Amino acid sequence: MYNNKLKIILWPLILALAIVSGMVINSLLNSRQGISVGNQNVFAPVQGSKLDLILNMINYSYVDTVDVKKIEENAIPQILKDLDPHTVYIPAKDMQRVNEEIVGNFGGIGVQFYKYLDTVTVVKVVPGGPAEKARLLDGDRIIKVNDSVVAGNNMNTDAIMKMMRGEIGTDVELTIVRRGENKPVIKKVTRGSIPIKSVDVAYMLDDTTGLIKVRTFGMNTYEEFMQAMEKLSAQGMRKVIIDLRQNEGGILPIAIRMINEFLPEGKLILYTQGKSSPRMDYNSNGKGRYQQLPLAVLIDEFSASASEIFAGAIQDNDRGTIIGRRSFGKGLVQEQRLLPDGSALRLTVARYYIPSGRSIQKPYDQGKEKYYEDILVRLRHGEFGQKDSIRFDENLKFKTVGGRTVYGGGGVMPDVFVPADTSGYSEYMVKVNRLSQILYDYTFDFMDRHRSEMKNIKDYKQLLEYLKKFDLVNEMADYAVQRGVKRDAKGIRTSYAILDNTIKAFIGRHVLDDEGFYPIYQMNDETVREAVKE
């Protein structure tokens, strides 16, 4: 397929070169100067790479008018495809979206919404945000954004979100339907800076153990993390669990600052080194506020990059316990370099090595597709269920500060392995939870019907107390029948506990955001239970 694409790109060029191949072309300036061949001008810049020459020839000499910029945009990914999996080109049109999570904010109106039965409904108005200032309310139905109808026309959520976002200080007009109002209400909202949380939640698991879930490492993550640590310390925290599961990484210096909080002075956190990048060591400075606090770090197969640095530095310095499953295995450092048109190249410039000297980068010499399929290979080999299914290269054996054996060559292996929990799974649960939106739709419908009763609920404990009077699983099953999923008595019995917990957690998210979701959802989390015991 690659050869065919290359032929399509180069065939017009070959024809053009054949026409002029017998002609003598003198030296030309690297500008729009040229010589006449028949009725044509042939341009040939003196300097530049072969790619520059080809693009200039196409631009100036090709028989038809073509979009050279488009050819260039399509060619760049082909140039990068045989490099490592993490060197990528970011078109200018995607830069804002790509950088939003790293920067930690975006221009928007400040609402969480859910598209339920083709109607955009405000789940939560962000306190202090533009929407609250414009007096939008939880439960409002948005039917128009500016002049565009967004209700009843099957518009996807991403398109609706893009319409609501925009440059800070600009206005967006929303037409809403509100319970108790006889006709639609029009609200003008001035977009503001909306923060993107990178610390999802921080709460106490018991009287002495706190848990902080970090979703990514962005510009504001260190400040969010330290605020969470201070909050839990004030509540009596004597041990912290840092949940980095499904954390795909982010900004390296932010992760280093967070690791530094737990290490005494002079401890190696990591070092980086590449062909054109001399070795650079990063050491703790001894100013960390939590050097003595007992620590556990949770990881899984989707923990990558900066989250692996965090886990690896803690493990290699024998500073805490790593719990979960083997991490992804990304040990390459990228620099984002801006290009003149506003696009960027994220170029791999070095490898990073955690304190024992090991690289945790897994092999990528079989191509990008095989690289990302590695997770599926691990699943098929039984690694998610059995620690003994994992085989490490004895040539990549290293020692921690305390003399424990650890391995390089593909992710961080936890100190305490916790298999994926598949108990209680049934085909019925898959149907209502994974293959459709039925489970989430039901929980939204429940919350919407009981919104007035739950408006004064302040935390997940109050919510759980309120939900005791409902048989949520069977009520959901009745709802699913209306959506075309037949009851399955055996499946419901098998999965009852999981379904009950998941439904309550989803309702918690609708009512209290992540502060309502995670404390409920993680009640059945075996990895968290293991961390509490350590």
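Residues numbered from 1 in each chain as written. Predicted model: local features only at pLDDT ≥ 70, side-chain atom pairs only at ≥ 80, totals over all residues. Heavy atoms only, no water.

Caption draft 1: Geometry of the overall build of the protein. On a plain count of helices and strands, the protein comes out with 18 helices and 23 strands. Here the protein holds 534 residues, and the buried ones make up 47% of them. The contacts in the protein between residues at least 6 apart in sequence include a share of 66% that link residues at least 24 apart. Entry remark: accessible area of the protein is about 28,100 Å², with carbon and sulfur atoms responsible for 51%. The average position of the 72 basic charges and that of the 67 acidic charges among the side chains of the protein differ by 1 Å. (Helix = DSSP H or I, 4+ residues; strand = E, 2+ residues; numbered from the N terminus. Buried < 20%, exposed > 50% of the residue type's maximum accessible area, 1.4 Å probe, protein only. Contact = heavy atoms within 4.5 Å. Areas by Shrake-Rupley, 256 points an atom, 1.4 Å probe, with all protein chains shown as cover. Lys, Arg positive; Asp, Glu negative; His and termini not counted. Charge placed at Lys NZ, Arg CZ, Asp CG, Glu CD.)

Caption draft 2: Representation of the sheet that holds strand β13 (residues 209-214) in the model. What the six strands build is an open sheet, ordered β12-β13-β14-β17-β18-β23; its pairing is mixed. Unpaired on one side and paired on the other, β12 (199-204) and β23 (416-417) mark the two borders of the sheet. Pairing between strand β14 (residues 239-243) and strand β17 (residues 295-299): four bridges, direction parallel. Following the sheet pairing, D243 is matched in β17 by L298. Here helix α7 (residues 221-234) sits on the sheet in contact with β12, β13 and β14, set at roughly 10 degrees to β12. In the packing of helix α17 (residues 514-521) onto the sheet, contacts are made with β12 and β13, and the angle to β12 comes to roughly 60 degrees. (Pairing = 2+ DSSP bridges. Axes fitted to C-alpha atoms, helices over the stretch in contact; angles between N-to-C directions.)

Caption draft 3: Quick peek at the side chain of D513. Mapping D513 onto the fold places it in the loop between α16 (489-512) and α17. Among buried Asp, Glu, Lys and Arg side chains, D513 stands out as unpaired, with K197 the closest opposite charge at 4.1 Å. (Salt bridge = Lys/Arg side-chain N within 4 Å of Asp/Glu carboxyl O.)

Caption draft 4: Expanded view of the nonpolar core. If you look at the biggest cluster of nonpolar residues, it comprises 49 residues, and the most contacted ones within it are Y428, M454, M476 and I507. Those residues in contact with M476, other than ones at most four positions away along the chain, are Y428, V432, L439, Y442, L499 and I503. Formed by 46 residues, the second largest nonpolar core is a distinct cluster that contains A255, I269, A311 and A350. (Core = buried A, V, L, I, M, F, W, Y, C linked by side-chain atoms within 4.5 Å.)

Caption draft 5: A look at the pairing of strand β9 (residues 171-177). Bridging between strand β7 (residues 141-145) and β9 involves four bridges; their strand directions are antiparallel. Note on β9: the bridge partner recorded for R141 is V177. As paired elements, β9 and strand β10 (residues 185-190) share six bridges and run antiparallel to each other. Looking across to β10, one finds that T175 is bridged to I186.

Caption draft 6: Here's a closer look at helix α15 (residues 472-482). Regarding α15, the residues found buried are L472, V473, M476, A477, Y479 and A480. Buried residues of α15 fall within an arc of 160 degrees about the axis and therefore sit on the same side. Residues of α15 that are buried in the fold lie against β5 (111-116), α11 (427-433), α12 (438-449), α14 (460-467) and α16. Phi turns positive, to about 95 degrees, at G484, one or two residues after α15. (Arc of directions from axis to C-beta.)

Caption draft 7: Representation of the environment of R257. Here R257 shows up in helix α8 (residues 252-260). In this structure R257 comes out as partly exposed when scored by relative accessible area, which is 40%. A C-alpha to C-alpha distance of 9.8 Å links R257 and N285, two positions 28 residues apart in sequence. Leaving out residues up to four positions away in the same chain, R257 has contacts with Y222 and E223.

Caption draft 8: Just the environment of A344, in detail. Following the sequence through the fold, A344 ends up in strand β20 (residues 344-353). Between the C-alpha atom of A344 and that of M95, which follows or precedes it by 249 residues, the distance is 7.6 Å. Contacts of A344, omitting those with residues within four sequence positions, involve V88, Y89, I90, M95, Q336, R337, L338 and L339.

Caption draft 9: Representation of the packing of α7 against α8. Relative orientation of the contacting elements α7 and α8 amounts to 25 degrees, with a least axis distance of 9 Å. On the basis of the axis angle, α7 is roughly parallel to α8. The hand of the α7/α8 crossing is right-handed. Where α7 abuts α8, its residues T221, Y222, E223 and F225 lie against I254, R257 and M258. Of the residues contributing to the contact of α7 with α8, the split by class is four nonpolar, one polar and two charged. (Parallel < 35°, antiparallel > 145°, perpendicular 65-115°, else oblique. Left-handed = near helix turned anticlockwise from the far one by under 90°. Nonpolar A, V, L, I, M, F, W, Y, C, P; charged D, E, K, R; others polar.)

Caption draft 10: Highlighting the packing of aromatic side chains. Here the structure, examined in full by the defined rule, presents 19 aromatic pairs. Measuring from centroid to centroid gives 6.2 Å for F225 and F262, while their planes differ by 65 degrees, and the two rings are edge-to-face. With F225 in helix α7 and F262 in the loop between α8 and β15 (268-274), this pair connects stretches of sequence that are 37 residues apart. An identical accessibility class is assigned to F225 and F262; each is buried. For the pair Y466 and F470, a centre-to-centre distance of 5.5 Å together with 55 degrees between the ring planes defines the contact as tilted. Here Y466 falls in the buried class, since its relative accessible area comes to 13%. What links up through ring pairs into an aromatic cluster is the set Y114, Y116, Y440, F444, F506, F517, Y518 and Y521. The ring of F106 has R165 lying over it, and the distance from NZ or CZ to the ring centre is 3.7 Å. (Phe/Tyr/Trp six-rings, centres within 6.5 Å; stacked < 30°, edge-to-face > 60°. Lys NZ or Arg CZ within 6 Å of the ring centre and 35° of its normal.)

Caption draft 11: Structural detail: unusual backbone geometry. Backbone geometry at L117 places phi at a positive 50 degrees, although glycine is not the residue there. Positioned with a positive phi, S305 is a non-glycine residue whose angle comes to about 60 degrees. Turning to its location among the elements, S305 is positioned in the loop between β17 and α9 (306-316). By relative accessible area, which is 9% here, S305 ends up buried.

Caption draft 12: Spatial organisation of the packing of helix α2 (residues 50-61) against helix α3 (residues 68-80). Two numbers describe how α2 lies on α3: the axes approach to 11 Å, and their chain directions differ by 155 degrees. It follows from the interaxial angle that α2 and α3 lie roughly antiparallel. α2 and α3 meet at a crossing whose hand is right-handed. Only V68, I71, E72 and I79 of α3 make contact with α2, whose side of the interface consists of L51, L55, I58 and N59. Tallied by class, the residues present in the contact of α2 with α3 amount to six nonpolar, one polar and one charged.

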